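# Descriptive structure summary
Chain residues, written in single-letter form:
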Amino acid sequence: MIGIGSDHGGFKLKQELLNHYKNELKDFGAYNEVRGLDEPKVAIALSEAVASGEIEKGILVFLGLGKEDDFEKGKKLIDKILKYRFFDDEQGKMGWNISQANGGLLLVSQFTLMAQTQKGLRPDFGPAMAPNDAKELYEQLVEYTKSQFENVQTGIFAADMKVHLVNDGPVTFNLEIE
């Protein structure tokens, strides 16, 4: 885990680290738009060329919040993510959760996941939660996640971010709760 803050004195180090990861991501052909829940080797959320959150091995969660969602549903989803067995165990089967795999979790809000795409040729974002409500719920869920798991990083809500990912496998899941 490499933490990059927003202090002014570390800009050269930040740029070197970002360039290193950008080159590594290019080598893997990882400049693709991704959606859902991914098991990355490296995941970085960049806003204005500064890493807001990054993990090495772990889970990149793109979290879409809909009008019907609330804190209880969000907690249930976070609990499921933390317990879900995404990672290979000693037998090479998906038998370990994020804690057992010593992974990190990068949580990024992604309202576009809520788009209705069944009709027409343009996404309908009507089902997405209103931005102010979504921000409040997202922040509550980030705090809850941090209270349940130690290695949590985040993107910046509503920021224009460039999320870079080296997807292992690739392994991507769409987890939902009722």
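Everything that follows concerns the structure shown earlier in this document.
None of these values were measured; they are calculated from a predicted model. (Residues numbered from 1 in each chain as written. Predicted model: local features only at pLDDT ≥ 70, side-chain atom pairs only at ≥ 80, totals over all residues. Heavy atoms only, no water.)

Assigned secondary structure in the chain consists of three helices and eight strands. Its helices and strands in sequence order give the chain the pattern α-β-β-β-α-β-β-β-α-β-β, from N to C terminus. Counting across all 178 residues of the chain, residues that qualify as buried make up 40%. Nonlocal contacts in the chain, meaning residues at least 24 apart in sequence, comprise 69% of its contacts between residues at least 6 apart. Carbon and sulfur atoms form 48% of the exposed surface of the chain, whose accessible area is close to 10,600 Å². (Helix = DSSP H or I, 4+ residues; strand = E, 2+ residues; numbered from the N terminus. Buried < 20%, exposed > 50% of the residue type's maximum accessible area, 1.4 Å probe, protein only. Contact = heavy atoms within 4.5 Å. Areas by Shrake-Rupley, 256 points an atom, 1.4 Å probe, with all protein chains shown as cover.)

As a further point, take the environment of Phe173. Looking at the secondary structure, you find Phe173 in strand E8 (residues 161–173). Taking C-alpha positions, Phe173 is 9.6 Å from Val61, a pair spaced 112 residues apart along the chain.

Moving on to unusual backbone geometry. Even without glycine at this site, Asn102 takes up a positive phi of about 55 degrees. Tracing the sequence through the fold places Asn102 in the loop between strand E5 (94–96) and strand E6 (104–109). For Asn102, a relative accessible area of 69% puts it in the exposed group. Phi at Ala158 is positive, roughly 65 degrees, even though this residue is not glycine. Its location among the elements puts Ala158 in the loop between strand E7 (152–154) and E8. Note on Ala158: relative accessible area 68%, which makes it exposed.

If charged atoms from side chains of opposite charge come close, those side chains can pair. Taken as a whole and judged by the stated rule, the model has two salt bridges. Measuring nitrogen to oxygen at the nearest pair gives 3.8 Å for the salt bridge that ties Glu72 to Lys75. One end of the pair is Glu72 and the other is Lys75, both in helix H2 (residues 71–83) and three residues apart, which spans about a single turn. Ionic pairing is found between Lys162 and Asp160, a salt bridge with its closest N-O pair at 3.2 Å. (Salt bridge = Lys/Arg side-chain N within 4 Å of Asp/Glu carboxyl O.)

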